[in-house]
Amino acid sequence: MAFMKKYVLPILGIFLAYYYYSAKEEFRPEMLRGKRVIVTGASKGIGREMAYHLARMGAHVVVTARSEEALKKVVSHCLELGASSAHYVAGTMENMTFAEEFVAKAGKLMGGLDMLILNHITNTNNPMTVFIDDIDHVRKNMEVNFLSYVVLSGAAMPMLKQSNGSIVVVSSIAGKTANPLIAAYSASKFALDGFFSSIRAEYAVTNVNVSITLCILGLIDTETAMTGTAGIYNAEASPKEECALEIIKGGALRQKEVYYDSSVLTPFLLGNPGRKIMEFLSLRNYNMEIFINN
């Protein structure tokens, strides 16, 4: 009890005061002017809206998705909106070789990379169903929704280190809380949190100046989400245009996490200062020479 009073409670108080009351930099659209940005899953929905926002801000944009025809339209509109440049590379993130080669090609098109926005998810005919034994469905979700994110970020790291850039990972409330009927999808989103939060901690210890922003989204009114949840899940859907802008803001401001949901309680309930304190305290148990030598 004496230890709690002397050390833990003061640390907790300081941490909470900093977390909730520290001044935050305000977002300005000019932060993205001339920045070189990749957006995956950009043929529709949130990804397409992010590309359009970035174009209005004067960024260089390279978009990717499976549909070449849809990407052509996105690129054309990006140029109309004022993008410094806009290109597309069509392909599937089921192919890890494509994922790696795509990053290299995008880097050449833009002359480097400042922000990598990972937004794509796998196609599925049964987005909400009771899990029985569909291992292939789980495997596909993990490969496309998680493993390809790892491949893309790994391929982008040399360029991002050079530019002191950012990785923006689009995730879900389903990657923070348990939800029925989406076990495979939820597993892939939990994996994103575990991997990228761990990598963020490694970067902090080794002084790698690349930010990682994890975006925790509720139900968004994209065509895919509305079709997949129709008659099954009745939560209020938030607008994709505003959601896309909040994701970009979070990445530009180098925030650790962005919460976007119809409920104002979500960031307070999921912010979890206890987890952050445990992560901070756990660093005391590591031999720092391991990080120095790497």
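Within an unreviewed UniProt entry, the label attached to the protein chain reads 11-beta-hydroxysteroid dehydrogenase 1, and the organism entered is Lipotes vexillifer. Recorded under Sequence similarities (unreviewed entry), the UniProt text for the protein chain is reproduced unchanged: "Belongs to the short-chain dehydrogenases/reductases (SDR) family." Quoted verbatim from the Subcellular location (unreviewed entry) field of the UniProt record, the comment on the protein chain reads "Endoplasmic reticulum membrane".

J.: Please clarify how the state of the cysteines should be interpreted in this entry.
T.: By definition, a disulfide links the sulfur atoms of two cysteines through a covalent bond. By the definition in use, this model includes zero disulfides. Its sulfur unpaired, Cys-215 is 7.8 Å from the next cysteine sulfur, which belongs to Cys-243.

J.: Any chance you could explain the packing of aromatic side chains here in plain terms?
T.: Counted under the stated rule, the structure contains three aromatic pairs. When the centroid spacing of 6.0 Å and the interplanar angle of 25° are considered together, the rings of Phe-98 and Phe-102 count as stacked. Of this pair, Phe-98 and Phe-102 both sit in helix H4 (residues 96–110), four residues apart, which is roughly one turn of that helix. Each member of the pair Phe-98 and Phe-102 is classed as buried. Measuring from ring centre to ring centre gives 5.0 Å for Phe-195 and Phe-196, while their planes differ by 90°; the resulting arrangement is edge-to-face. One aromatic cluster is present, built from ring pairs that chain together Phe-146, Phe-195 and Phe-196.

J.: It is not clear to me how the sheet that holds strand S7 (residues 257–260) should be interpreted in this structure. Could you clarify?
T.: Each strand in a sheet pairs with its neighbour through backbone hydrogen bonds, running either in the same direction (parallel) or in the opposite one (antiparallel). In space, the seven strands of this open sheet follow the order S3-S2-S1-S4-S5-S6-S7, with parallel pairing throughout. Taken across any chain shown, the strands that pair with only one partner, and hence form the sheet edges, are strand S3 (85–90) and S7. Going from strand to strand, the sheet's axes swing by 15° on average, the running direction of each strand aside. Where strand S1 (residues 36–40) and strand S4 (residues 115–118) come together, three bridges link them in parallel fashion. Note on S4: the bridge partner recorded for Val-37 is Met-115. Docked against the sheet, helix H5 (residues 135–163) engages S1, S4 and strand S5 (166–172), running at close to 165° with respect to S4. In this fold helix H6 (residues 183–206) packs onto S4, S5 and strand S6 (211–217), with an angle of close to 150° to the strand it touches most, S5.

J.: I keep staring at the nonpolar core and nothing clicks. Help me out?
T.: Buried together is how nonpolar side chains tend to be arranged in soluble globular proteins. In terms of nonpolar packing, the biggest core is built from 37 residues, with Leu-32, Met-50, Leu-54, Val-63, Leu-217 and Ile-247 touching the most fellow members. Not counting the four nearest positions on each side in its chain, Met-50 is found in contact with Val-39, Ile-117, Asn-119, Val-170, Ala-244, Ile-247 and Ile-248. One finds Val-103, Phe-146, Leu-160 and Ile-167 within the second-largest nonpolar core, a separate group that totals 35 residues.

J.: Any chance you could explain the pairing of S5 here in plain terms?
T.: Side chains on a regular strand alternate between the two faces of the sheet. Most of S5 sits inside the fold, with seven of its seven residues counted as buried. The alternating pattern of S5 places Ser-166, Val-168, Val-170 and Ser-172 on one face and Ile-167, Val-169 and Ser-171 on the opposite face, and all of these are buried. Bridging between S4 and S5 involves four bridges; their strand directions are parallel. Residue pairing for S5: Met-115 is matched across the bridge by Ser-166. Where S5 meets S6, seven bridges bridge the pair, whose relative direction is parallel.

J.: Where do I start with H5 in this structure?
T.: Think of an α-helix as turning once every 3.6 residues; residues three or four places apart then point the same way. With 29 residues, H5 extends 40 Å from end C-alpha to end C-alpha; this agrees with the ideal 42 Å at 1.5 Å per step. At Met-157, H5 shows its largest bend, some 50°, and a proline, Pro-158, comes one to four positions later. Here H5 has its buried residues at Asn-141, Val-144, Asn-145, Phe-146, Ser-148, Tyr-149, Leu-152, Ser-153, Ala-156, Met-157, Met-159 and Leu-160. Buried-residue contacts for H5 involve S1, H4, S4, S5 and H6. Just downstream of H5, Asn-164 is the residue with a positive phi angle, here 55°.

About the criteria used
- Residues numbered from 1 in each chain as written.
- Predicted model: local features only at pLDDT ≥ 70, side-chain atom pairs only at ≥ 80, totals over all residues.
- Heavy atoms only, no water.
- UniProt positions renumbered as here; feature names shortened; annotations may be inferred.
- Disulfide = S-S within 2.5 Å.
- Phe/Tyr/Trp six-rings, centres within 6.5 Å; stacked < 30°, edge-to-face > 60°.
- Helix = DSSP H or I, 4+ residues; strand = E, 2+ residues; numbered from the N terminus.
- Buried < 20%, exposed > 50% of the residue type's maximum accessible area, 1.4 Å probe, protein only.
- Pairing = 2+ DSSP bridges.
- Axes fitted to C-alpha atoms, helices over the stretch in contact; angles between N-to-C directions.
- Contact = heavy atoms within 4.5 Å.
- Core = buried A, V, L, I, M, F, W, Y, C linked by side-chain atoms within 4.5 Å.
- Expected span 1.5 Å × (residues − 1).
- Bend = angle between axes of the 7 residues up to and from the residue.

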